[in-house]
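# Chains, contacts and geometry: an overview
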Amino acid sequence: MKSLFALPLALALTACASHAPRSGFLTSYEGLTSKDGAVRTGVAERKDGEALAGVRKVALLPAELRLGPDGAWLSEDERKLLLREVDAQLCFEVSERYEIVQDGADAKVRAAVTRVAPTGRVSSAASAAASVFIPGPLGVRPGGLGGLSAEAEMLSPEDRQIAALTWNRSATAIGTDNPSLSRIGDALQFVEPFADSAAATMTAPDVKPPGPPKPDPCAEYGPRLRPEGWLAKFATGLYVPQMSGAKAAQSEPETTR
C-alpha cells in the first residue's frame, strides 16, 4: 500500500538531476555534454571513440578527495573508507572492459570525489523502523539525505584526455536508496553507479564488455558481490558499509626495532 501512494511522488522527486560544480580536477572540461536519459543522476561526459578503440591495457591511479572546506566534517576513517570504495568499484567496472596493469598501459584512469553530503542517522533509523511495519519496494526518509559528486577521466600516456565525466547524485525522500547509520552511507552506495557510468564513458561505442576477468585483478577489495550486505539490509532495513562495501585494506605489519 505504501508503494502505491508513494510512487507518483517518488517519480516527481527523481525527475530532475542537477550537475555539481566543476572542481578543477579534470585536465579539461571542454566538450562535456549532458548525458541523455539520466533521471536521478546529473552526468556530463565526452569520449574520443577512435582513441578508446585502441586501448587494451589500463592503469588505475588511486582516487583523490577534492572536497574543499565543505568536506571538513569527514573523519580520517570516513575519508579512507570512501576512497577505498571508489578504488574498488572503479577496479571492478574498468576490469570488465580492459586489462588492469601497472606498467605498459595504453591509458590511465584517475578519479576524485568532489562532494559528499552527510546521511542523517536519526532519519535513517526512523526510515528503517518504518519499513518493518510498512514493507514495500519504496522507502520514506524524513530528512538527512546524503549525496555524492565525483569526476573521472581516462588519459593517454601523453596525458591527452580520451574520456571524461562529471557525476552527481543525491538521495531522495522517497525511493529505493537505503538508509544508513553511517554519515557517508548514501555516498558509499552511490560509488558503484558512479563507477559504472565512468567505465561506460571510457568504453568505445558499440563495444560489449567481456565481463569480469579471471584471475580477478581486484581481489584485494574482496568479492564483487557481497550477499551479507543484502542480508543486513533485509534484517535491519539499513545499508551497513562494513558488510556491503569493499574489503578493508590490510594493515601494514609492524616492524621490530
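Whatever comes next refers back to the structure up there.
The following refers to the structure shown. (Residues numbered from 1 in each chain as written. Predicted model: local features only at pLDDT ≥ 70, side-chain atom pairs only at ≥ 80, totals over all residues. Heavy atoms only, no water.)

### Quick word on helix H3 (residues 76-95)
Note: α-helices contain 3.6 residues per turn, so residues at a spacing of three or four share the same orientation. For clarity, the threshold we go by: Put simply, DSSP H or I for four residues or longer makes a helix, DSSP E for two residues or longer makes a strand, and each gets a number counted from the N terminus. Multiplying 1.5 Å by the helix residue count minus one yields the expected span of that helix. Categorising residues by exposure relies on relative accessible area from a 1.4 Å probe, with only protein chains included: less than 20% of the type maximum marks a residue as buried, more than 50% marks it as exposed, and the intermediate range marks it as partly exposed.
Given a rise of 1.5 Å per residue, 20 residues ought to cover 28 Å, and the 28 Å separating the end C-alpha atoms of H3 matches this to within 8%. With respect to burial, H3 is a largely interior element, 15 of its 20 residues being buried.

### A few points about helix H5 (residues 185-201)
Stated precisely, the cut-off is as follows: Consider a residue and the seven residues that end there alongside the seven that start there; fitting an axis to each set, the bend is the angle between those axes.
Helix length check: H5, at 17 residues, gives a terminal C-alpha distance of 25 Å against a target of 24 Å (1.5 Å per residue), a fit within 8%. Approximately 30° is the largest bend angle found in H5, and it occurs at Val-191, with the proline Pro-193 only one to four residues beyond. Here H5 lies mainly inside the structure; 14 of its 17 residues are buried.

### Overview of the pairing of strand S6 (residues 107-117)
Note the following rule: Any two strands with at least two DSSP bridges between them are considered paired.
Of all 11 residues in S6, nine are buried, a share of seventy percent or more. Summarising the sheet, strand S3 (residues 57-60) and S6 pair through three bridges and their orientation is parallel. Bridge assignment links Ala-59 to a residue of S6, and that residue is Lys-108. Direction of pairing for strand S4 (residues 64-65) relative to S6: parallel, over a ladder of two bridges.

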